[in-house]
2 protein chains.
Amino acid sequence: MSDSGVVARLRAALGERVDTSATARRAARADLSGHVASGTPLAVVNARSVADVQQTLRIASATGTPVVTRGAATGLAGGANAGDGEIALSVRGMDRILEVRPDDLLAVVEPGILNGDLNAALADHGLWWAPDPASRAISTVGGNIATGAGGLLCAKYGVVRDAVLGVDLVLADGRLLRLGHRTVKGVTGLDLTSLVIGSEGTLGVIVGATLKLRRLIAGDVCTIAATFPNVRAAAEASAAVTASGVQPAIMELMDAASLAAVHALLSLDPPTAGAAQLTIQTDGPAATVEADAIADVLRGSGGSVALSHDRNEGERLLAIRRSMHPAMERLGTTLIEDVSVPRSALPAMFDEIARVEREHAVAIPTVAHAGDGNLHPNFVFDAEPDEFGVVEAPEHIWRAADDLFRAALRLGGTLTGEHGVGVLKRRWLADELGDDQWELQRQITRVFDPQGILNPGKVFTR
Amino acid sequence: MSDSGVVARLRAALGERVDTSATARRAARADLSGHVASGTPLAVVNARSVADVQQTLRIASATGTPVVTRGAATGLAGGANAGDGEIALSVRGMDRILEVRPDDLLAVVEPGILNGDLNAALADHGLWWAPDPASRAISTVGGNIATGAGGLLCAKYGVVRDAVLGVDLVLADGRLLRLGHRTVKGVTGLDLTSLVIGSEGTLGVIVGATLKLRRLIAGDVCTIAATFPNVRAAAEASAAVTASGVQPAIMELMDAASLAAVHALLSLDPPTAGAAQLTIQTDGPAATVEADAIADVLRGSGGSVALSHDRNEGERLLAIRRSMHPAMERLGTTLIEDVSVPRSALPAMFDEIARVEREHAVAIPTVAHAGDGNLHPNFVFDAEPDEFGVVEAPEHIWRAADDLFRAALRLGGTLTGEHGVGVLKRRWLADELGDDQWELQRQITRVFDPQGILNPGKVFTR
C-alpha cells in the first residue's frame with residue numbers, strides 16, 4: 001500500500017493521534033546519539049492507550065509497514081530513530097502509574113512515564129525503582145526496559161533486568177501478551193520478560209510493566225573523593241575497592257581529560273595535570289564503616305582522599321561527575337561509547353584507551369562506572385551539523401571506536417553495557433555473539449514478528 | 001533408525017560412556033517427584049566433556065532420537081525423567097570448577113557440580129553462590145539453572161536468574177553457543193542466558209555456566225521463632241513483616257499439620273493444637289536491629305516470640321523447618337506442590353488451601369517461604385509403590401491440586417515458584433500463559449530445536 005494509503009488508514013482508526021506535521025516527523029528521525037534516520041517517517045502516532053498501539057500494529061501488519069517505537073527519544077544508539085516509509089509510534093503519552101503496592105513491593109505502570117517522575121511518586125510511599133540511568137530525569141521507564149538500561153548504582157542495586165517482574169507486550173500483529181508475573185518467584189514456562197528487556201523494539205511494543213521496587217534506603221550517605229596521579233592508578237584503586245569486599249553504592253571514575261573539562265566548565269581551579277578522580281558513595285546501615293574501609297584502601301593505593309558524611313556535600317562532590325556531558329559538549333561533538341569489562345580488567349582497558357588515542361590521534365575523555373566495569377569513552381571530533389542540528393561521527397572516529405570495541409572483547413568485555421546496539425553498533429554485534437548465535441537471535445525475532453516490521457534495520461542488520 | 005542402531009552409533013562414538021545396563025536405564029526413568037517415565041530409555045550417556053555432549057546430540061539429531069538431560073535427578077516435576085526410545089544424557093560427571101575470580105565476583109563451572117560442593121569450595125575464597133534450594137546438598141548447579149531454582153533466601157538474595165551471567169549451551173544439532181557475558185552490565189543482543197534459565201532441557205544442554213557470586217555475609221545471625229494460634233494469623237504476621245520494610249534473610253512458615261508432624265518426628269512435645277509457626281533469620285550488619293524490629297511486629301500481630309542471637313541456637317530452630325520432608329514421608333506418600341502468590345495474598349492463599357482440604361477431603365500440610373510468597377502444599381495420600389518403589393499421585397489428588405492451582409492464579413500467583421513445569425504441571429501451563437503465549441513459547445523452542453528432540457513431552461505438551 002502507498003504511504004498515503006497507510007496514513008489514511010491510521011487516521012481513520014486513530015484520528016488526531018496521528019501527527020503528519022513536518023516538525024513531528026522530523027523530530028522522530030533522531031534520538032540523543034547523534035545518529036539520524038534517512039528520510040522522514042510517514043507519520044507519528046501518539047498512542048494514549050493499549051488499544052491505540054494495537055490498532056497501529058494491526059494496520060502496520062496489514063500493510064507491511066515498519067514501526068519504530070519511541071519513548072522520550074533519549075537513546076544513545078539510534079534505536080528509536082524512524083525514517084522513510086516507517087510509522088513512528090510514540091508511547092510517551094501513556095504515562096500513568098496504574099498501581100503501587102508497598103506491601104508487595106511492586107508497581108504497575110504505563111511505558112511512557114519518566115523514570116524520574118515515577119521515582120518522585122514512589123518516594124511518597126517510601127519506595128524507589130532502582131535503575132538510575134544518567135538520563136533518568138528525561139528517559140521513560142519503557143525506554144529503560146527496551147534498552148536494558150543501567151546507571152550509577154548497578155553494582156549494588158542492579159540493572160533493569162533485576163527490577164522488572166512482567167511486561168505487557170503488543171506483538172507485530174496487534175495481539176497483546178502479558179508476560180511475567182507479580183510474584184517474587186515464578187518459573188512457569190520460558191522467561192519472555194527477560195527476553196523483552198533490552199530487545200530494543202524488535203520483539204513488540206511494551207505497553208505496560210510490573211516493576212520490582214525497593215524501599216528507600218534509610219541512614220547516612222557517605223561520599224569519598226580521591227585523586228590519583230594518573231588514570232591507571234585510579235582504575236587500580238577502584239579494582240582494589242571491589243576486591244576488598246566492601247560494596248559502594250556508587251563508584252565513578254573520571255580520567256584527566258574529563259576532570260579538566262568539568263573543572264573548566266564549573267570554573268573550578270584546574271586539577272593537577274594528569275590527575276584522575278574516584279568519587280564513591282556508601283549508603284545503608286553500614287555506610288560509615290564501609291566509607292572508612294574504602295578510604296583506607298584508597299590511601300593504600302596512593303590516593304589523596306576527602307571523606308564527607310554530609311549528604312549535601314556529597315551531592316556537591318558528585319556534581320563534578322554529573323557535569324561530564326555538558327563539559328564534553330564544550331569540547332566539540334562527541335560519540336559516547338559504552339563498553340563494559342570485568343572489573344579486574346578496568347586498568348587494562350584504560351591502557352587500551354590510551355593506545356587507541358595515540359594510534360588514531362583522537363581525544364577520548366573517559367568516565368567509568370568503576371563499580372561495575374562500564375566505561376563511557378567520549379570520542380571528540382569536529383563536524384558540521386546538518387539541517388536538524390545533528391552530527392554523524394566521521395569514519396576515522398568509527399575506526400578508532402572499532403579498535404576500542406575489539407579491545408574490550410579481548411578483555412572479556414562486551415560492546416554495550418547499558419546503551420544498546422541500535423543502529424550504531426549493529427555492525428559489531430556478530431563479532432561478539434558469533435554467527436551462530438546472531439542467526440539464532442534473529443530467528444527468535446521472527447517468531448514475534450514474522451514480517452520483520454518491528455524496528456527493521458536496528459540491532460539485527462549487518 | 002532402530003534403537004539398537006542408535007545405541008551402536010553412541011557406543012562407537014563414546015565407548016564406555018554409554019551405559020545400557022538395566023539398572024542405569026531404570027534409574028533414569030525417575031526423579032524425586034514421584035513421577036516415572038513410561039518405559040525405559042535406550043541408553044544412559046555419562047558425558048565427561050563438552051565434546052561428549054556434542055557427539056551425543058549430533059547422533060541424536062542425525063537419528064531423530066529424543067534426548068533427556070539429567071543432573072542429579074532431584075527434580076520435583078518429572079522434567080528429567082527418560083522413557084522409551086530416549087537417550088538419557090547425564091552431565092553429573094562434568095563437575096569441575098574451572099575458574100573462581102574473587103576480584104570479579106564470578107566463577108565458571110561445569111553443570112554437574114553439586115550446589116553444596118560448589119559453595120563449600122567458594123567458602124575458602126570468602127564467597128558464595130546465593131541460590132539455596134532445599135536440595136542444595138544433592139542438586140547440581142546445572143539442574144538449578146535448568147529449573148530456575150529458588151530456595152529460602154530469595155527475598156533478600158535472589159533466585160537463580162539473579163545469579164547467572166552466562167551459560168554455555170549445546171544445541172540439538174551439537175553446535176556450542178556461548179551465551180551471556182562476564183561483566184556486571186551487558187545488553188548486546190537478546191538475553192538468551194535468561195531464556196535458558198528455567199527452560200527445563202527444552203532449548204539445549206547446559207554444559208557450562210558463569211556464575212555471579214557474593215561475598216560471605218559477615219556479622220551476626222539472629223533467629224526468631226514465633227507461634228501463632230492459627231495459620232492465618234501467622235500468614236498475616238509474615239505479610240506485616242514484609243510490609244514493615246525490614247528484610248529478613250529467611251522467613252519460613254509452617255502450618256499446624258506440618259508443625260505437628262515435625263514435632264512427632266523429632267520427639268518434641270506436641271505443639272498447641274492448631275498453632276502455626278514462623279521462623280525468621282536476619283543477617284548482615286543490621287541483623288540485631290532488624291531482629292528486634294521484627295520481634296515487635298510479630299508480637300503486635302499476636303505471636304509468642306523467642307529471639308536468639310546465637311548462630312547454633314538459630315540452626316536448632318531452623319532444624320524444625322528443615323525436617324519437613326522426612327516428617328511428611330512418615331504420613332504417607334506426598335505430592336509436593338509449589339505455587340507462588342504476591343506476598344500480601346499469603347493469608348488468602350492459606351484460606352484457599354483450607355477450603356481445598358475441606359472440599360476434596362484431603363490433608364494438605366503446607367510450608368511456605370513466606371518472605372517471597374512461595375508455598376509448598378504437601379498433598380498426602382496412600383498408594384502402593386510400583387516395582388521401582390515410586391508412587392504416582394491418584395486422580396482425586398490431582399483434582400484437588402487443580403483446584404489449588406486455579407486459586408493461586410486467581411490471587412495473582414503462578415503455578416510454580418521454583419520447581420518447574422516438567423511433566424506434572426504441563427496440563428496447566430496454557431491456563432497461566434494463555435494460548436497465544438503458550439504457542440509463541442513453543443515456537444521459540446523450535447528455533448533452538450527444529451526437530452523437537454530435546455525433552456519432548458515436557459513443559460510444552462498439552
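Analysis parameters
Residues numbered from 1 in each chain as written. Chains lettered and ligands numbered in written order. Predicted model: local features only at pLDDT ≥ 70, side-chain atom pairs only at ≥ 80, totals over all residues. Heavy atoms only, no water. Buried < 20%, exposed > 50% of the residue type's maximum accessible area, 1.4 Å probe, protein only. Helix = DSSP H or I, 4+ residues; strand = E, 2+ residues; numbered from the N terminus. Pairing = 2+ DSSP bridges. Axes fitted to C-alpha atoms, helices over the stretch in contact; angles between N-to-C directions. Parallel < 35°, antiparallel > 145°, perpendicular 65-115°, else oblique. Left-handed = near helix turned anticlockwise from the far one by under 90°. Contact = heavy atoms within 4.5 Å. Nonpolar A, V, L, I, M, F, W, Y, C, P; charged D, E, K, R; others polar. Core = buried A, V, L, I, M, F, W, Y, C linked by side-chain atoms within 4.5 Å. Least-squares fit on C-alpha atoms with pLDDT ≥ 70 in both. Phe/Tyr/Trp six-rings, centres within 6.5 Å; stacked < 30°, edge-to-face > 60°. Lys NZ or Arg CZ within 6 Å of the ring centre and 35° of its normal. Domains from an automatic or database assignment. Buried area = accessible area lost by both parts, 1.4 Å probe. Polar contact = N/O pair within 3.5 Å; in protein donor to acceptor, adjacent residues only side chain to side chain.

**Observations regarding the pairing of strand β13 (residues 250–254) of chain A**
Residues and elements named next belong to chain A.
Part 1 of the reasoning: Buried residues dominate β13, accounting for 5 of its 5 residues.
Part 2 of the reasoning: Alternating residues of β13 divide into I250, E252 and M254 and M251 and L253, and every residue in both groups is buried.
Part 3 of the reasoning: Alignment of β13 against strand β14 (residues 276–283), held across 5 bridges, turns out to be antiparallel. Pairing of L253 across the sheet is with L278, part of β14.
Part 4 of the reasoning: Pairing analysis gives 3 bridges linking β13 to strand β17 (residues 366–369), with the strands arranged antiparallel. Bridged to E252 within β17 is H369.

**Considering the packing of helix α8 (residues 231–244) of chain B against helix α13 (residues 346–360) of chain B**
All names here are of chain B.
Part 1 of the reasoning: In contact at an axis separation of 8 Å, α8 and α13 are set at 160° when each is read in the N-to-C sense. Put simply, α8 runs roughly antiparallel to α13. In the packing of α8 onto α13, the handedness of the crossing is right-handed. Only L346, P347, A348, F350 and D351 of α13 make contact with α8, whose side of the interface consists of V231, R232, A235, E236 and S238.
Part 2 of the reasoning: Class assignment of the residues belonging to the contact of α8 with α13 gives a composition of 6 nonpolar, 1 polar and 3 charged.

**Re the nonpolar core**
Part 1 of the reasoning: In this structure, W129 and I145 of chain A together with W129 and I145 of chain B are the most contacted members of the largest nonpolar core, which totals 82 residues.
Part 2 of the reasoning: Discounting chain neighbours no more than four positions away, the residues touching I145 of chain B are W129, V160, V164, V167, V196, I197, G198, I206, A209 and L211 of chain B.

**Focus: the relation of the copies chain A and chain B**
Part 1 of the reasoning: Rotating chain A by 180° and moving it 0.0 Å along the rotation axis overlays it on chain B with an RMSD of 0.0 Å. One copy is carried onto the other by what is essentially a two-fold rotation axis.
Part 2 of the reasoning: Most of the interface of chain A is mirrored in chain B: 100% of its interface residues are interface residues there too.

**Considerations on the packing of aromatic side chains**
Part 1 of the reasoning: With the rule as written, the count across this model stands at 8 aromatic pairs over all chains.
Part 2 of the reasoning: With a centroid separation of 5.2 Å and 75° between ring planes, the pair formed by W128 of chain A and Y157 of chain A is classed as edge-to-face. Here W128 of chain A is found in strand β7 (residues 127–128), whereas its partner Y157 of chain A is found in helix α6 (residues 154–157), with 29 residues between them in sequence. In this pair, the class of W128 of chain A matches that of Y157 of chain A, namely buried.
Part 3 of the reasoning: Relative to W428 of chain B, the ring of F405 of chain B lies with its centre 4.8 Å away and its plane at 80°, an arrangement referred to as edge-to-face. One end of the pair, F405 of chain B, is in helix α14 (residues 395–410); the other, W428 of chain B, is in the loop between α14 and α15 (429–433), with 23 residues separating them in the sequence.
Part 4 of the reasoning: Just above the ring of W438 of chain A sits the side chain of R462 of chain A; from NZ or CZ to the centre is 4.0 Å.

**What about unusual backbone geometry?**
In most cases, non-glycine residues show a negative phi, while peptide bonds are predominantly trans.
All names here are of chain A.
Part 1 of the reasoning: One non-glycine residue, N455, lies in positive phi territory at about 50°.
Part 2 of the reasoning: Secondary-structure assignment places N455 in the segment after α16 (435–448).
Part 3 of the reasoning: For V459, which is not glycine, the phi torsion reads 60° and is therefore positive.
Part 4 of the reasoning: Its location among the elements puts V459 in the segment after α16.

**Some remarks on the domain arrangement of chain A**
All names here are of chain A.
Part 1 of the reasoning: Partitioning chain A into structural domains gives domain 1 (3–90), domain 2 (97–215), domain 3 (220–410) and domain 4 (425–462).
Part 2 of the reasoning: Relative placement of domain 2 and domain 4: their C-alpha centres are 23 Å apart.
Part 3 of the reasoning: The interface of domain 2 with domain 4 comprises 10 residues on the first partner and 10 residues on the second.
Part 4 of the reasoning: Summed over both sides, the interface of domain 2 with domain 4 buries roughly 880 Å², with 75% coming from carbon and sulfur.
Part 5 of the reasoning: When the buried surface of domain 2 facing domain 4 is broken down by residue, A172, T202 and L203 rank first, second and third, together holding 55% of it.
Part 6 of the reasoning: Across the contact surface, domain 2 and domain 4 share 1 residue pair in polar contact (both at pLDDT 80 or more).

**Let's talk about the packing of α16 of chain A against helix α16 (residues 435–448) of chain B**
Part 1 of the reasoning: The N-to-C vectors of α16 of chain A and α16 of chain B enclose an angle of 155°; their axes lie 10 Å apart at closest approach. Regarding the angle of α16 of chain A to α16 of chain B, the classification is roughly antiparallel. The two elements α16 of chain A and α16 of chain B cross, and the hand of that crossing is right-handed. Residues L440, Q443, I444, V447 and F448 of chain A of α16 of chain A pack against L440, Q443, I444, V447 and F448 of chain B of α16 of chain B.

**Examining the pairing of strand β5 (residues 97–101) of chain B**
Residues and elements named next belong to chain B.
Part 1 of the reasoning: By the bridge criterion, 4 bridges tie β5 to strand β6 (residues 106–109) in an arrangement that is antiparallel. The residue bridging I97 from the neighbouring strand is V109, located in β6.
Part 2 of the reasoning: In sequence, β5 turns back onto β6 through a hairpin of 4 residues, with L105 there showing a positive phi of about 50°.

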